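Examining the three-dimensional arrangement
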Amino acid sequence: MSGWQTIRIALKALLRNTMRSFLTVLGVIIGVGAVIAMVAVGEGAKAQVNAQFSAMGSNLMMLFPGSSSMRGARGAAGSAASLTWDDLNAIRREVPSVKLAAAQLRASSQVMAQDQNWATTITGTSPELFMIRNWTIEQGRFFTEGDVDSASAVAVVGATVIERLFGLNLDPVGQTIIIRNVPFEVIGTLKSKGQSSIGQDHDDNIFIPQTTFQRKIKGASRGILAGFVSIQTHSEADLPRAEKEITTLLRQRHRLGPDAENDFSLANLTEYAQARQEGTKTFTLLLASIAAVSLVVGGIGIMNIMLVSVTERTREIGLRMAIGARPAHILLQFLVEAVVLSLIGGLVGLTVGVAVGWQLGQQFGWPITFSPALMMMAVGFSAVVGVAFGLYPALKASKLNPIDALRFE
C-alpha cells in the first residue's frame, strides 16, 4: 500500500467523525495559537523597549547632583548644588571614553503664541544634546555654539508644542513665542519621537541655549550647574569605563575622602534597557511555557481519541489484516491519522495565533513581531506531539490478533 493511499484512508477515517476530529485538535489549536500570539506580543514589547531607549539616545549615561541634607533630613537625588560648569568641562576634556556631554537645565512654564498658550518643559542646553539624544530636525535648524555664546533668544520646539500653539497647517519657523514674558524666535522644529513607556511625551519640549536659560528663565549661583548632564560614550563597551573615570575625576575635583559618599550619581541607561529586556524575555518565556502546556493537553486528547478509535474499528482492523494488510500498514495508518490531526491543529492554530497577536498589538499599541522560524517550529512541534501521543494507539492497533479482532463485537 502506497503512502498516498495510507494518507487517503486516514483522511476518510477522520472525515467520518468531523465534530469529534475538530474537538480533538482544539487543544492543539489553542496551544499553537497561544504560543505564537504570546511570543509575538513579548517580542513586540522588547522591540518597543529598544525603540524607547533609542529615542533617548545610544550609549547614554546621566549625571545628577547628589541629595541635600539639612538637620538629618535628606532631599531627593539632584537636590544638592554639587555639580559645576567646570565639572562638565573637565569631563569633556579629561575623560577619553566620553564622546559628548551636554547640560540640561529644566523649568516648567506657560508658553504663549498668538492667541494660544500651553504649559510645557523648557530645556536649556547646548547643541551636543541634539546629537546625544538622536534628535532630527523637521524644519529650520538647531541652534549653534554662537547662539549659546551670545545668549540668543532662539528656540527649537517639539512636535506637541507646535501642534498646541500653531496647529498643523502653519509653518512655525520664524514665529515668535513668549516664555515668561520673554519673546523667542522659533528657528527649528523637531521630528516626533512619541511617548515613553511611562507616558512621558518626548515631543512636549522647548529647547533654548543654556546661557539664555540662565539669564532669562532661571538663574543659579555662580558656577553651579543647576540641572543634570547627559553623557554619550563612543560605544556601549565604554560605558563601565566611563562610569569609573567620571567617578574618580569628580571625587578628586570635589575633594571627597576615601570614606565619603559621592555627592553625585550616575545612571547607566543601557543597563536599565537591558534589565527591562531581560524582564520582558523572562515574561515571554513564561507565557510561552504556559501556552505550550496546551499542546501537551491537546496531545493527550489526541491519544485518548485514537485509543477510542482503535476500539471502535477493531473489526475493520481485523478485516484488513485478514486480506493482507501487515502490522506496519496498520501502524502507519493510525500514526498518520494522529499526525494529520496535529498538523491541521497546528496550521489552524498558526492562523489563530497571528490574528490574536495582531489584535493584541492593535489594542496595546505595540509593534508585533512574528518570527517565521517560531511559526515553523510551533507547527513542527504540533506534528511531533501527534507522533508522540499517536504512537501508543497505533502500536496497540498494529498488534491486534486478526482472529480476535474479527470476533470483536
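Structural data are supplied above this passage.
Structural notes, computed from the coordinates. If you're wondering where the values come from, they're calculated on a predicted model, not measured in any experiment.

It is worth spelling out the overall build of the chain at this point. Helix and strand counts for the chain come out as 13 helices and 12 strands. For the chain, buried positions account for 44% of its 409 residues. Surface summary for the chain: the accessible area is close to 20700 Å², and the carbon and sulfur share equals 59%.

To continue, consider the nonpolar core. Counting residues in hydrophobic clusters, the biggest one holds 41 residues, and the most contacted among them are Leu63, Ile177 and Ile206. Of the residues forming this core, the biggest block, 7 residues, is contributed by strand S4 (residues 98-113). When residues no more than four places from it in sequence are discounted, the contact partners of isoleucine 177 are Val111, Met112, Ala113, Ala155, Val157, Leu165, Phe166, Val182, Pro183, Phe184, Val186 and Ile206. Ranked by size, the runner-up nonpolar core spans 23 residues in total, among them Ile36, Ala325, Leu335 and Ala397.

Below, the discussion takes up helix H6 (residues 159-166). Within H6, the full set of buried residues consists of Thr160, Val161, Ile162, Leu165 and Phe166. Once H6 ends, the next one or two residues include glycine 167, with phi positive near 80 degrees.

Burial analysis of strand S9 (residues 182-190) places 7 of its 9 residues in the buried class, the great majority of the element. Direction of pairing for strand S6 (residues 137-140) relative to S9: antiparallel, over a ladder of 3 bridges. Pairing of isoleucine 137 across the sheet is with leucine 190, part of S9. With 4 bridges joining them, strand S7 (residues 154-157) and S9 adopt parallel strand pairing.

On the surface, a cluster of nonpolar side chains totalling about 490 Å² of accessible area is made up of Met19, Phe22, Leu23, Leu26 and Ile30. As for its position among the elements, methionine 19 is in helix H2 (residues 18-56).

Turning our attention to empty space enclosed by the protein. By the definition in use, this model includes 1 cavity of 30 Å³ or more. Size it by volume and the largest cavity reaches roughly 60 Å³. Leu105, Arg106, Phe213, Gln214, Lys218, Gly219, Ala220, Ile224 and Ala226 are the residues that line the largest cavity. Sorting the residues of the lining of the largest cavity by element identifies S4 and helix H7 (210-217) as the ones contributing at least two each.

To continue, consider helix H12 (residues 372-398). With 27 residues, H12 should reach 39 Å at 1.5 Å per residue; the first-to-last C-alpha distance of 37 Å fits that figure. Where H12 bends most, the angle comes to about 40 degrees, and this point is glycine 390, followed within four residues by the proline proline 393.

On to the pattern of salt bridges. Applying the stated rule across the entire model yields 6 salt bridges. Here arginine 141 ties to aspartate 147 by a salt bridge, and the two come within 3.2 Å at their closest N and O atoms. Residue arginine 241 pairs with glutamate 245 through a salt bridge whose shortest N-O separation is 3.4 Å. Of this pair, arginine 241 and glutamate 245 both sit in helix H8 (residues 239-253), 4 residues apart, which is roughly one turn of that helix. Assessed through its relative accessible area of 41%, arginine 241 is described here as partly exposed.

This part covers the packing of aromatic side chains. Enumeration according to the criterion identifies 5 aromatic pairs in this entry. Between the aromatic rings of phenylalanine 130 and phenylalanine 207, the centroid separation amounts to 5.6 Å while the plane-to-plane angle is 70 degrees, which identifies the pairing as edge-to-face. Taken together, the residues phenylalanine 130 in helix H4 (residues 128-132) and phenylalanine 207 in strand S10 (residues 205-209) connect sequence positions 77 residues apart. Its relative accessible area of 2% is what places phenylalanine 130 among the buried residues.

Even without a glycine there, the phi angle at arginine 180 is positive, about 50 degrees. Structurally, arginine 180 is set in the loop between strand S8 (176-179) and S9. A positive phi is found at asparagine 181, a non-glycine position, where the angle reads about 65 degrees. Structurally, asparagine 181 is set in the loop between S8 and S9.

Next up on the list: the side chain of asparagine 268. Tracing the backbone shows asparagine 268 in strand S12 (residues 264-268). By relative accessible area, which is 7% here, asparagine 268 ends up buried. Apart from residues no more than four positions distant in its own chain, asparagine 268 is found in contact with Leu60, Met61, Leu239 and Glu243.

With that settled, consider the side chain of aspartate 147. Following the sequence through the fold, aspartate 147 ends up in helix H5 (residues 145-149). With sequence-adjacent residues up to four places away left out, aspartate 147 is seen in contact with Arg141, Ser152, Val154, Pro209 and Thr211.

Attention now goes to the environment of alanine 102. Following the sequence through the fold, alanine 102 ends up in strand S4. We classify alanine 102 as buried; its relative accessible area is 0%. Separated by 24 residues in sequence, alanine 102 and serine 126 have C-alpha atoms that sit 6.1 Å apart. Contacts of alanine 102, omitting those with residues within four sequence positions, involve Leu88, Arg92, Thr125, Ser126, Glu128, Leu129, Ile132, Phe228, Val229 and Ser230.

Criteria and cut-off values
Residues numbered from 1 in each chain as written. Predicted model: local features only at pLDDT ≥ 70, side-chain atom pairs only at ≥ 80, totals over all residues. Heavy atoms only, no water. Helix = DSSP H or I, 4+ residues; strand = E, 2+ residues; numbered from the N terminus. Buried < 20%, exposed > 50% of the residue type's maximum accessible area, 1.4 Å probe, protein only. Areas by Shrake-Rupley, 256 points an atom, 1.4 Å probe, with all protein chains shown as cover. Core = buried A, V, L, I, M, F, W, Y, C linked by side-chain atoms within 4.5 Å. Contact = heavy atoms within 4.5 Å. Pairing = 2+ DSSP bridges. Patch = residues over 30% accessible without salt bridge, like charges linked within 9 Å, V, L, I, M, F, W, Y side chains within 5 Å. Salt bridge = Lys/Arg side-chain N within 4 Å of Asp/Glu carboxyl O. 1 Å grid on protein atoms, 1.4 Å probe; cavity = no way out; pocket = protein on both sides within 12 Å on 5 of 7 lines; lining within 4 Å. Points joined across faces, edges and corners; volume = space filled by probe spheres on them. Expected span 1.5 Å × (residues − 1). Bend = angle between axes of the 7 residues up to and from the residue. Phe/Tyr/Trp six-rings, centres within 6.5 Å; stacked < 30°, edge-to-face > 60°.

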